[in-house]
Amino acid sequence: MHVQLHLGSGERAMVPDLPANPLSIELNLSHRRFWWQIDDEDEQPEQWHASADISPLDVCPEELRHVGDISLVIADLTKERNLLDSVVLGEWALEFIAETVIDPDEGKLHPELDKQISPGPPRMVILRRVELVEGWRGHGLGAALVASALRILAPNARIGASRVSPLEFPCPGDRVAAELASVRAGAMLEGIGFRRWNGVHIIDLRDPSLLDARMEILDQWWPESDSSER
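Since we're looking at a predicted model, the values are computed, not measured. (Residues numbered from 1 in each chain as written. Predicted model: local features only at pLDDT ≥ 70, side-chain atom pairs only at ≥ 80, totals over all residues. Heavy atoms only, no water.)

(A) View of the overall build of the protein. Across its full length, the protein carries seven helices and 10 strands. Burial analysis of the protein (230 residues in total) assigns 45% to the buried set. Counting only contacts in the protein whose residues sit at least 6 apart along the sequence, the fraction spanning at least 24 positions is 74%. (Helix = DSSP H or I, 4+ residues; strand = E, 2+ residues; numbered from the N terminus. Buried < 20%, exposed > 50% of the residue type's maximum accessible area, 1.4 Å probe, protein only. Contact = heavy atoms within 4.5 Å.)

The structure is reproduced here in structure tokens:
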């Protein structure tokens, strides 16, 4: 399954009209696996889900407290891939790993890619799906939340990857709309530091751009302070 990015098409207002203060959004990351998959040699990719929700302490319409969902998978680059991985990772991810990892024993990346990525654990975070509730779309939150989730997982991996394809956007009979949605999704990823490599969007999980992705929202919503305090 490829990444699905549902983005609002309206222009961003000078003062965002959102259901609640976006600084009150909490990310709850959970790791899903079968209870019996506890062996050290278990080779199943880790499935992660990030749920974005307004804090119970903040005021928000109940039906809009859930902001969105992000689906991610962490693949170990030092283990042999198996047929079950294709269900979790998707064929494109298996092919990409095969193309980029030149030493499966140590998880070494292709030299051209290796020099672009900071040192870290030989693991890859794959962004599979991003979806915001309609009332929260169109204000750049999707990009900021994705960047935050990736930074949270950064200690566990070295590189992030996602493939954006028009086939992943449900626009029955409207090929142009699917293409445009794909372009917007790619632009969103590139806006937080992703770049294209061999047809896949990749990012160094220690790229400062992931931290910078929050600044526009912080600047808009952080309580104003006296200039003397800055």
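(B) Summary view of the layout of surface pockets. Its boundaries defined by the atoms lining it, the second largest pocket holds a volume of some 360 Å³. Taken together, 17 residues line the second largest pocket, and the ones lying closest to its centre are Pro22, Ala144, Leu145, Ser148 and Arg214. Looking at the lining of the second largest pocket, the elements that each hand over two or more residues are β2 (25-32), α4 (141-153), α6 (209-212) and α7 (215-221). Broken down by element, the residue count for the lining of the second largest pocket peaks at seven residues, all from α4. Grouping the constituent residues of the lining of the second largest pocket by class yields 14 nonpolar, one polar and two charged. (1 Å grid on protein atoms, 1.4 Å probe; cavity = no way out; pocket = protein on both sides within 12 Å on 5 of 7 lines; lining within 4 Å. Points joined across faces, edges and corners; volume = space filled by probe spheres on them. Nonpolar A, V, L, I, M, F, W, Y, C, P; charged D, E, K, R; others polar.)

(C) Structural detail: the packing of aromatic side chains. This structure, assessed with the given rule, holds two aromatic pairs. Both rings, one in phenylalanine 96 and one in tryptophan 197, keep their centres 6.2 Å apart while their planes meet at 80 degrees; by these two values the pair is edge-to-face. With a gap of 101 residues between them, phenylalanine 96 in helix α2 (residues 91-100) and tryptophan 197 in strand β9 (residues 195-197) connect regions that are remote in the sequence. Comparing phenylalanine 96 with tryptophan 197, the two get one shared label, buried. (Phe/Tyr/Trp six-rings, centres within 6.5 Å; stacked < 30°, edge-to-face > 60°.)

(D) Summary view of the nonpolar core. If you look at the biggest cluster of nonpolar residues, it comprises 40 residues, and the most contacted ones within it are Ile70 and Trp136. When residues of this core are traced back to their parent elements, those giving at least two are β3 (46-54), β4 (66-76), β7 (123-132), α4 and α5 (175-191). Within the second largest apolar cluster, 21 residues are counted, among which are Val88, Ile117, Ile126 and Trp197. (Core = buried A, V, L, I, M, F, W, Y, C linked by side-chain atoms within 4.5 Å.)

(E) Structural context of the pairing of β7. Counting buried positions along β7 gives nine out of 10 residues, so the element sits mostly inside the fold. For β4 and β7, the ladder comprises nine bridges, and the chain directions are antiparallel. Within the sheet, the bridge partner assigned to glycine 68 lies in β7 and is leucine 132. Here β7 pairs with strand β8 (residues 159-162) via three bridges, running parallel. Counted as the bridge partner of valine 125 is glycine 160 from β8. After leaving β7, the chain enters α4 and then returns to the sheet as β8, a path that is right-handed. (Pairing = 2+ DSSP bridges. Right-handed = clockwise from strand over helix to strand, strands pointing away.)

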